[in-house]
Amino acid sequence: MMRHAYADGHLRYGVVGCGIQGEKHVQVIDLIPNAAVVAVADVNEDRARMLGLRHGAKHALTDWQELLAIDEIEAVSIALPDHLHREVTVAALEAGKHVLLEKPMATSVEDAEAMLAAQKASGRKLMINWSNRWMFGFAKTKERLDAGALGDPLYVYARLNNTLYVPTQMLSWSASTQLPFWLICHRYDIARWYFGCEAKRVYAVARSTVLKELGLDTPDFYCATVEFEDGQVGNFESCWILPESMPYLVDSKFQLICSRGYVNIDPTPPVHQVATEDSYAHEGFLFGNVMGQPVGFVRNAIEHFVNCCLTDREPLITGEDGLHITRALAAMVESAQTGEPVEL
Ligand SMILES: NC(=O)c1ccc[n+]([C@@H]2O[C@H](COP(=O)([O-])OP(=O)(O)OC[C@H]3O[C@@H](n4cnc5c(N)ncnc54)[C@H](O)[C@@H]3O)[C@@H](O)[C@H]2O)c1
């Protein structure tokens with residue numbers, strides 16, 4: 001356990017993918033005292049230049065291979081669309097960089113296996129950024145479980161939804177992913193973390209109506225029941241067709257039933273309501289700036305990775321974890337397609 005928030009040393013850093021999530025990585029790396037942004041890369045040149053300039057990067061590139069060729073860069077964040085993670089991750093590890101890869105690890109088991117093999121061959125660190133583990137309620141619940149305060153975790157019900165804005169406007173690549181990889185993975189990671197074992201049997205149902213009519217070939221919603229090795233059960237639900245009039249982009253509910261306790265985590269209450277004479281808004285909870293500085297779980301997860309690199313510790317979420325999680329998520333997709341349960 002580190003006594004201070006920041007490990008000694010200074011990690012020279014690159015960020016591949018400067019979209020919504022990549023920007024957060026650049027912001028956090030620029031801010032924290034033990035890391036510095038050396039280069040950013042995005043096929044969108046304006047985006048790379050804008051972020052590079054704003055955060056003092058020496059290089060703003062359109063080709064990630066050029067970024068990986070920069071010797072002084074020791075670690076990279078990869079924040080590319082879900083289906084594009086494998087090639088860059090493998091290349092980054094082969095180039096000797098530590099990698100913080102955005103969730104999901106991959107959209108296929110084959111891709112996840114290739115990345116894990118590259119990590120093992122390289123001896124570098126690979127963390128998958130299931131950053132919700134750093135959210136207050138999820139982290140506190142893990143502490144209570146470890147302390148035995150709740151008894152044994154038996155059952156998780158988890159719902160994580162988005163409004164239609166996300167697949168139709170926010171993401172240009174929504175048809176290249178599916179809800180188990182985009183949303184369910186966050187809650188599956190938490191359930192697996194609490195249960196401490198792997199999925200044994202997965203049954204899932206998905207339906208396509210709304211997005212199909214809009215020309216997007218990815219299901220509207222998924223419901224998945226997962227039986228775990230030690231008998232625990234998780235029910236995971238996710239949709240991304242909620243009306244855009246919803247006050248939040250995200251709708252979330254999480255319940256954990258234990259042999260001697262119950263936990264309810266709802267990260268989307270109106271934490272901050274703002275009403276003016278002509279408008280009413282709820283402030284989101286995902287990422288915020290306070291006095292010009294990023295705060296919250298997104299920052300904490302990235303800091304954890306930087307500290308692990310500098311102190312040569314294993315990150316909390318490794319490539320091995322990522323592969324196990326990918327197997328369960330891919331089984332959800334397979335089960336929904338075949339109508340049959342998948343045994344793992
Ligand atoms: N940890 C979390 O809570 C969290 C939250 C949101 C998104 N994500 C994940 O982060 C990743 C990125 O999501 P996003 O919302 O930032 O998407 P985005 O579409 O906003 O950003 C993706 C960026 O990648 C760039 N890009 C695409 N192909 C490229 C290539 N070959 N080379 C260089 N740049 C390329 C695009 O131009 C774009 O700027 C996804 O895997 C997503 O699931 C994680």
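Up top is the structure these notes are about.
Quick look at the structure, then. Everything numeric here is computed off the predicted structure, so don't read it as measured data.

**A few points about the pairing of strand E5 (residues 98–102)**
On a regular strand, each side chain points to the face opposite its neighbour's, so the side chains alternate between the two faces of the sheet.
Inference 1: The element E5 is extensively covered by neighbouring structure, given that five of its five residues are classed as buried.
Inference 2: With four bridges joining them, strand E4 (residues 75–78) and E5 adopt parallel strand pairing. For isoleucine 78, the partnering residue across the bridge sits in E5 and is leucine 101.
Inference 3: What joins E4 to E5 is helix H4 (residues 85–94), and the crossover it makes is right-handed.
Inference 4: Bridge count between E5 and strand E6 (residues 126–129): four bridges; the pairing is parallel.

**Brief notes about the sheet that holds strand E9 (residues 221–228)**
The strands making up a sheet associate through hydrogen bonds between their backbones, and the pairing can be parallel or antiparallel.
Inference 1: Taken together, the seven strands give an open sheet; going across it, the order is E12-E11-E7-E10-E9-E8-E17, and neighbouring strands pair in mixed fashion. One side of each edge strand has no neighbouring strand; the edge strands of this open sheet are strand E12 (261–265) and strand E17 (342–343).
Inference 2: The sheet contact formed by strand E7 (residues 153–162) and strand E11 (residues 250–258) spans nine bridges and is antiparallel. Bridging across to E11, tyrosine 155 finds its partner in isoleucine 257.
Inference 3: The strands touched by helix H11 (residues 319–338) within the sheet are strand E8 (199–207), E9, strand E10 (233–239) and E17, with E8 carrying the most contacts at an inclination of about 50°.

**Quick notes on the sheet that holds strand E3 (residues 59–61)**
Inference 1: Taken together, the six strands give an open sheet; going across it, the order is E3-E2-E1-E4-E5-E6, and neighbouring strands pair in parallel fashion. The sheet is open, and its two edges are formed by E3 and E6, each paired on a single side. Averaged over all neighbouring strand pairs, the angle between strand axes comes to 25°, with direction disregarded.
Inference 2: Those strands touched by helix H1 (residues 20–31) are strand E1 (11–16), strand E2 (35–41), E4, E5 and E6, and its axis lies near 150° from that of E2.

**Points about a nonpolar patch on the surface**
Inference 1: Judged by side-chain polarity, Val290, Met291 and Val295 come together as a nonpolar surface patch covering roughly 330 Å² of accessible area.
Inference 2: Counting through the fold element by element, methionine 291 comes out in the loop between strand E15 (288–290) and strand E16 (293–295).
Inference 3: Overall, the relative accessible area of 83% leaves methionine 291 in the exposed class.

Quick notes on the rules
Residues numbered from 1 in each chain as written. Predicted model: local features only at pLDDT ≥ 70, side-chain atom pairs only at ≥ 80, totals over all residues. Heavy atoms only, no water. Buried < 20%, exposed > 50% of the residue type's maximum accessible area, 1.4 Å probe, protein only. Helix = DSSP H or I, 4+ residues; strand = E, 2+ residues; numbered from the N terminus. Pairing = 2+ DSSP bridges. Right-handed = clockwise from strand over helix to strand, strands pointing away. Contact = heavy atoms within 4.5 Å. Axes fitted to C-alpha atoms, helices over the stretch in contact; angles between N-to-C directions. Patch = residues over 30% accessible without salt bridge, like charges linked within 9 Å, V, L, I, M, F, W, Y side chains within 5 Å. Areas by Shrake-Rupley, 256 points an atom, 1.4 Å probe, with all protein chains shown as cover. Salt bridge = Lys/Arg side-chain N within 4 Å of Asp/Glu carboxyl O.

Keep in mind that these numbers describe shape and distance, not what the molecule does.
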